[in-house]
Amino acid sequence: MTKKLAFGKSASINRPPLFFGLYYQFWKVRMKIFIESIDKGIWDAIVNGPFIPKHEKDDVFIEKTLVLMD
């Protein structure tokens, strides 16, 4: 009998690890490492949420609005 590997038949550093419904903790660690290898800032955004620029006016922080130039 062949045992099914937790990481699939062929693991690659160019593709994210696939989750097959088993071994979630193992996949979770591999996914975190994969995302951090692309850019540490991406993982920080996943954990902390996106960075929202703000400015202070009269001791109150207000979110900056996005201004698109035509």
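An account of the accompanying structure is given in this report. Bear in mind that the values here come from a model prediction, so they are computed numbers and not experimental data.

Notes on the pattern of salt bridges
At step 1: Within the structure shown, the criterion is met by three salt bridges.
At step 2: A salt bridge links Lys40 to Glu36, with the shortest nitrogen-to-oxygen separation between them at 4.0 Å.
At step 3: On the basis of relative accessibility, which here comes to 45%, the residue Lys40 falls in the partly exposed class.
At step 4: Owing to a relative accessible area of 25%, Glu36 belongs among the partly exposed residues under this scheme.
At step 5: Salt-bridge contacts for Asp44 lead to Lys40; the nearest nitrogen and oxygen are separated by 3.2 Å. In this pair, Asp44 and Lys40 both sit in helix H2 (residues 40–48), four residues apart, roughly one turn of the helix.
At step 6: Asp44 sits in the partly exposed class, given a relative accessible area of 33%.
At step 7: Residues joined in a network through salt bridges with shared partners are Lys32, Glu36, Lys40 and Asp44.

What counts and how
- Residues numbered from 1 in each chain as written.
- Predicted model: local features only at pLDDT ≥ 70, side-chain atom pairs only at ≥ 80, totals over all residues.
- Heavy atoms only, no water.
- Salt bridge = Lys/Arg side-chain N within 4 Å of Asp/Glu carboxyl O.
- Buried < 20%, exposed > 50% of the residue type's maximum accessible area, 1.4 Å probe, protein only.
- Helix = DSSP H or I, 4+ residues; strand = E, 2+ residues; numbered from the N terminus.

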